[in-house]
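Summary of structural features
One-letter residues, chain by chain:
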Amino acid sequence: MMSDLKGIRVAILATDGVEQSELTEPRKFLDQLGAETTLLSPKAGQIQAMQHDEKSDKLKVDRVLEGANPEEFDAVLLPGGALNADNLRVNKDAQRFVQEIDRAQKPIAVICHAPWLLISAKLTKGRKMTSYHTIQDDVRNSGAEWTDEQMVRDRNWVSSRQPSDIPAFNRGIAELFTQAVSKKAA
């Protein structure tokens, strides 16, 4: 299933400690489908990506998160990585950004530890989702229903557990974001 995501503007929120494959693989997939992706981070320059607990590449930040306008974007991708997710969850700009995206019912794609941001932004109550297994208690305690599946779709959200789920995650992203293209065109 290949979708045409031309015209969709996707904000990717990440900082140091992001799980590289969870950012770069979905981003490459989105770019190939014609989406315009923008890496937003609390700091300018570059962020240090990780491959599990080892440093990997440095990734170029496109724009600083502070002052970024959620209205300029049609969807959000939240890659995981425990250090990344732990730093973003307490960032008020990141919380505000996802709150406004969700309030507008725009798509949110979240994987691994990234649900921590949605939990801290108080968005998970009553949602069905998955995450990396070590944070399932956090997801449940926030009022969400946690399930151990490769990919879970709930309204305007798609969630996955870990890097090995990226193929299923990408399929879920394509389906969810294609619906956003249809709404945008209407």
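Here the structure is a predicted model, which means the values were calculated and not measured.

Here is what the cut-offs are and how they apply
Position numbers for residues count from 1 along each chain, tracking the sequence in the order it is written. The predicted origin of the model limits local features to residues at a pLDDT of at least 70 and limits the giving and counting of side-chain atom pairs to 80 or more, whereas totals for whole chains, interfaces and linings rest on all residues. Note: side-chain values were computed over all heavy atoms of the structure, leaving out hydrogens and water. Working definition: helices are DSSP H or I runs of at least four residues, strands are E runs of at least two. Numbering for both runs from the N terminus. Here the expected span of a helix is defined as 1.5 Å times the quantity of residues minus one. Two strands qualify as a pair provided DSSP detects at least 2 bridges between them. In what follows, a contact means two residues having at least one pair of non-hydrogen atoms within 4.5 Å. Whenever a helix is involved, its axis is fitted only over the stretch in contact; in every case the axis is a line through C-alpha atoms, and angles between N-to-C directions fall within 0 to 180 degrees. Only the six-membered ring of Trp is used, alongside the rings of Phe and Tyr, when aromatic pairs are assigned; centres must lie within 6.5 Å, and planes under 30 degrees apart are stacked while those over 60 apart are edge-to-face, with the rest tilted. Two conditions define a charge sitting above a ring: the NZ of Lys or the CZ of Arg must be within 6 Å of the ring centre, and it must be within 35 degrees of the ring normal. Only one rule defines a salt bridge in this text: a Lys or Arg side-chain nitrogen within 4 Å of an Asp or Glu carboxyl oxygen. For the exposure calls, accessible area comes from a 1.4 Å probe over protein chains only, and a residue counts as buried if that area is under 20% of its type's maximum, exposed if over 50%, partly exposed in between. Comment: arc refers to directions from the helix axis out to C-beta atoms. Whenever a nitrogen or oxygen atom comes within 3.5 Å of another N or O atom, the pair is scored as a polar contact, on the condition that within protein one atom can donate a hydrogen and the other can accept it, and that pairs from neighbouring residues in sequence are kept only if both atoms are in side chains.

This part covers helix 1 (residues 20-32). Between the first and last C-alpha of helix 1 there are 18 Å, a value that for 13 residues agrees with the 18 Å anticipated at 1.5 Å per step. In the segment just after helix 1, Gly34 is the residue with positive phi, at about 100°.

The next subject is the sheet that holds strand 3 (residues 36-41). In space, the seven strands of this open sheet follow the order 6-3-1-7-8-12-11, with mixed pairing throughout. Looking at strand neighbours, the two that pair on one side only are strand 6 (63-64) and strand 11 (151-154), the edges of this open sheet. The sheet contact formed by strand 8 (residues 108-111) and strand 12 (residues 157-160) spans four bridges and is parallel. Residue pairing across strands places Ala109 opposite Val158, the latter belonging to strand 12. Strands in contact with helix 1 are strand 1 (9-13), strand 3, strand 7 (75-78) and strand 8; relative to strand 3, the strand with the most contacts, it is inclined by about 150°. The strands that helix 3 (residues 92-103) touches are strand 1, strand 3, strand 7, strand 8 and strand 12; relative to strand 1, the one it contacts most, it runs at about 145°.

Another aspect to go through is the packing of aromatic side chains. Tallying each qualifying case throughout the model produces one aromatic pair. In this structure, Arg127 is placed above the aromatic ring of Trp157, and the distance from its NZ or CZ to the ring centre is 3.9 Å.

Our focus in this paragraph is the side chain of Ser41. Checked against the element boundaries, Ser41 lands in strand 3. When neighbours within four sequence positions are excluded, Ser41 is seen to be in contact with Ala14, Thr15, Ile47, Val61, Arg63, Val64 and Leu65.

On the basis of which strands lie adjacent, the open sheet formed by three strands has the order 2-4-5 and mixed pairing. The open sheet is flanked by strand 2 (18-19) and strand 5 (54-60), the only strands paired with a single partner. Sheet analysis places strand 2 next to strand 4 (residues 46-51), joined by two bridges and oriented parallel. Residue pairing across strands places Val18 opposite Ala49, the latter belonging to strand 4.

In this structure the tally under the stated criterion is eleven salt bridges. The salt bridge partner of Arg63 is Glu72, with a shortest N-O separation of 3.0 Å. Among the salt bridges present, the one from Asp102 reaches Arg127, with a minimum N-O distance of 3.6 Å. Placement of the pair is Asp102 in helix 3 and Arg127 in the loop between helix 4 (115-120) and strand 9 (128-129), with a sequence separation of 25 residues. Residue classification places Arg127 among the buried residues on the basis of a relative accessible area of 3%. Salt bridges sharing common partners tie together Arg27, Lys60 and Asp62.

In this section: the pairing of strand 12. The alternating pattern of strand 12 places Trp157 and Ser159 on one face and Val158 and Ser160 on the opposite face, and all of these are buried. Bridge analysis of strand 11 against strand 12 gives four bridges, and the strand direction is antiparallel. Within strand 12, the residue paired with Asp154 across the bridge is Trp157. Counting the residues between successive antiparallel strands, the hairpin from strand 11 to strand 12 contains two residues, one of them, Arg155, with a positive phi of roughly 50°.

Looking now at the side chain of Asn170. Along the chain, Asn170 turns up in helix 6 (residues 166-185). Sequence-distant contacts of Asn170, defined by excluding residues within four places in its chain, comprise Glu25, Pro26 and Phe29.

This part covers helix 3. Taking 1.5 Å per residue, twelve residues should reach 16 Å; helix 3 reaches 16 Å between its end C-alpha atoms and fits that length. Among the residues of helix 3, those classed as buried are Ala94, Gln95, Phe97, Val98, Ile101 and Asp102. The arc that holds every buried residue of helix 3, seen down its axis, measures 165°, which confines them to one face. Counted as exposed and oriented over 90 degrees from the buried face of helix 3: Lys92 and Arg103. For helix 3, the N-terminal capping position is held by Asn91, with its side-chain oxygen 2.9 Å away from the main-chain nitrogen of Asp93. Two residues or fewer after helix 3 comes Gln105, characterised by a positive phi angle close to 60°.

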